[in-house]
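Listed here are the chains, written in short residue letters.
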Amino acid sequence: MSKIAIIGGGIIGVATAYELAKLGEEVILFEKNYFGSGSTFRCATGIRAQFTDEANIKLMKYSLERWEKLEEELESDINFRQTGYLFLATSEREVEAFKANIKLQNRFGVPTRLIDIEEAKEIAPILNTEPFLAGAWNPKDGKANPFKTLFAYLGKARELGVDAREHTEVVGLKREGKEITAVKFRSNGKVESIKVDAVLNAANAWAPLINEMAGLSRDLVPITAYKHQLVKTEPLERGQAEPLVCPPGWNDAYIIQDGEDGGIICGAGIEHKAKSLDDVEPTYDFLRGVLRYAVKIAPPLRYAHVVRQWAGFYAKTPDKNPAIGKLLENFYISAGFSGHGFMMAPAVAQAMAELIAKGRTRVPLDLEWYDPCRFERGELRSSAFQIG
Ligand SMILES: Cc1cc2nc3c(=O)[nH]c(=O)nc-3n(C[C@H](O)[C@H](O)[C@H](O)COP(=O)(O)OP(=O)(O)OC[C@H]3O[C@@H](n4cnc5c(N)ncnc54)[C@H](O)[C@@H]3O)c2cc1C
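Residues numbered from 1 in each chain as written. Predicted model: local features only at pLDDT ≥ 70, side-chain atom pairs only at ≥ 80, totals over all residues. Heavy atoms only, no water.

Participant: Even after reading the chapter, I still don't get the sheet that holds strand β9 (residues 168-176), so can you show me in this structure?
Facilitator: In any sheet, the strands associate via hydrogen bonds between backbone groups, in a parallel or an antiparallel arrangement. Read from one edge of the open sheet, three strands run β9-β10-β11, paired in antiparallel fashion. Because the sheet does not close on itself, it has two edges, and the strands there are β9 and β11 (190-195). For this sheet, the mean angle separating the axes of adjacent strands, direction not counted, is 25°. (Pairing = 2+ DSSP bridges. Helix = DSSP H or I, 4+ residues; strand = E, 2+ residues; numbered from the N terminus. Axes fitted to C-alpha atoms, helices over the stretch in contact; angles between N-to-C directions.)

Quick look at the structure:
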């Protein structure tokens, strides 16, 4: 049994801790703030296999299969619901692009189909049918509660012996040759050090700082924090917009009915680079911009009160695909998930745990595609379709 340190207590770090413990490894998990306080508790709850490239489609098809069994496995209610994703086309060109995507998704077993607007209206009664020509609909996509999911993983991880510490910040890594041999951390103002056999950098937006602690360049894995925001309305009658509904041609704007309280969560690709890694202040520009789109998608939202607005980070690599793999002999990274880390967590956590513990994985995760060193070689993948 080796001692594995995980840095970052978001969904990726916590789920990987659980998967490693399942494989019999000793795990110590560090979170500098509280668990979920990074991007995870700010996410829009969406889970989809409707991607536009083979690697992400295969990974998400597998992840969805894990999501389907997660409540049973973790013995907790995580409110996972397969309420679908509905993408809407606003031009003939987009309809053609949808058809090509659907063909690719179908090839890998994702049952997306092209639907007309009458059917779209039945699926999401709140929808304004006028501007849209057709929809791409996968009823197997869905949503889950990020708070419940993280705590379900965390509870099980602790049951399996994971030493999960919050308010404990990693402040240094000891490197000897190509290995990290110790982790230095601060808790309650006291700095301590422990010996480790392997380290996983799951710090997402903060990952470049952890790489630097390992003696690597910050730019080796260029992850940049972009401020992303959401607003949520008061609860509406259930069933109005259960799937995530998104016309990608409208700046990736989307709405989705919260699986818990029925409020409508509204998002859009109105983003800018975060000024710092503390820059999570919501902005009025976003509020105004996103509501314009939301009301165009679903006119009754004009009358709904906004009860909450918040901001978090899309931690983005240049091609919006995450960086997953090995950086040194025993130093791994699983970070830079843009708008997809929540949905990918069950598959990526399993894959990373198997890689660390066994050196290989049976998860259909294309290691070359997500290779964290691809940027250094000047390789960029086709850009992953970004929204949640
Ligand atoms: C508005 C918004 C909407 C989104 N919608 C969706 C969606 O619908 N579906 C989806 O799949 N994804 C969505 N995402 C993206 C998703 O939230 C992230 O990809 C995912 O949560 C990333 O998880 P993570 O564990 O990698 O990172 P995080 O949750 O950010 O966790 C990283 C953790 O590392 C900790 N840390 C950093 N430095 C240190 C250190 N030195 N020592 C110890 N701990 C440290 C941080 O405090 C943080 O908690 C959305 C994101 C936002 C902001």
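Participant: I'm lost on the packing of aromatic side chains in this one. Help?
Facilitator: Here the distance between the centres and the angle between the planes together describe a pair of aromatic rings. Inspection of the entire model under this criterion finds nine aromatic pairs. For the ring pair Phe-41 and Phe-151, a centre distance of 5.7 Å and an interplane angle of 55° mean the geometry is tilted. Of the two residues, Phe-41 is situated in the loop between β2 (26-30) and β3 (46-47) and Phe-151 in helix α5 (residues 146-159); the sequence distance between them amounts to 110 residues. Given a relative accessible area of 11%, Phe-41 falls into the buried group. Here the aromatic rings of Trp-67 and Phe-80 are separated by 5.8 Å at their centres, their planes lie at 20°, and the arrangement is stacked. Taken together, the positions of Trp-67 in helix α2 (residues 54-74) and Phe-80 in the loop between α2 and β4 (85-89) put the pair 13 residues apart, joining distant regions of the chain. (Phe/Tyr/Trp six-rings, centres within 6.5 Å; stacked < 30°, edge-to-face > 60°. Buried < 20%, exposed > 50% of the residue type's maximum accessible area, 1.4 Å probe, protein only.)

Participant: Help me out: how do you make sense of the site of the ligand in this one?
Facilitator: By nearness alone, 39 residues border the ligand, and Glu-31, Ser-39, Thr-40, Gly-46 and Met-343 come closest of all. Between the ligand and Thr-40 there is a distance of 2.6 Å, counted from an oxygen atom to a side-chain nitrogen or oxygen. Contacts to the ligand include Gly-341, whose backbone N or O atom sits 2.9 Å from an oxygen atom. Considering the ligand on its own, with 1000 Å² of exposed area, one finds that the protein chains cover 99% of that surface. Looking at the shell around the ligand, the elements with two or more residues in it are α1 (11-22), β9, β13 (224-235), β18 (306-316) and α8 (341-358). (Near = heavy atom within 4 Å. Polar contact = N/O pair within 3.5 Å; in protein donor to acceptor, adjacent residues only side chain to side chain. Areas by Shrake-Rupley, 256 points an atom, 1.4 Å probe, with all protein chains shown as cover.)

Participant: So what exactly am I meant to see when it comes to the side chain of Asp-141 here?
Facilitator: Considering the arrangement of structural elements, one finds Asp-141 in the loop between β6 (134-138) and β7 (142-143). The charged side chain of Asp-141 is buried without a salt bridge, its nearest counter-charge being Arg-48 at 6.7 Å. Of the polar contacts made by the side chain of Asp-141, one reaches the backbone nitrogen of Ala-49; its length is 2.7 Å. Side-chain polar atoms of Asp-141 contact the side chain of Gln-50, separated by 3.3 Å. Look past the residues within four positions of Asp-141 in its chain and what remains in contact with it is Ile-47, Arg-48, Ala-49, Gln-50, Leu-64, Arg-81, Gln-82, Thr-83, Gly-84 and Tyr-85. (Lys, Arg positive; Asp, Glu negative; His and termini not counted. Salt bridge = Lys/Arg side-chain N within 4 Å of Asp/Glu carboxyl O. Contact = heavy atoms within 4.5 Å.)

Participant: Looking at this model, I keep getting lost on α2. Mind explaining?
Facilitator: Because each turn of an α-helix spans 3.6 residues, side chains separated by three or four positions in sequence point in the same direction. Counted at 1.5 Å a residue, the expected span for α2 with its 21 residues is 30 Å, and the 29 Å between its end C-alpha atoms agrees. The sharpest bend along α2 measures roughly 40° and falls at Glu-68. The complete set of buried residues in α2 reads Ala-55, Asn-56, Ile-57, Leu-59, Met-60, Tyr-62, Ser-63, Leu-64, Arg-66, Trp-67, Leu-70 and Leu-74. Immediately beyond the C-terminal end of α2, within one or two residues, lies Glu-75, with a positive phi of roughly 50°. (Expected span 1.5 Å × (residues − 1). Bend = angle between axes of the 7 residues up to and from the residue.)

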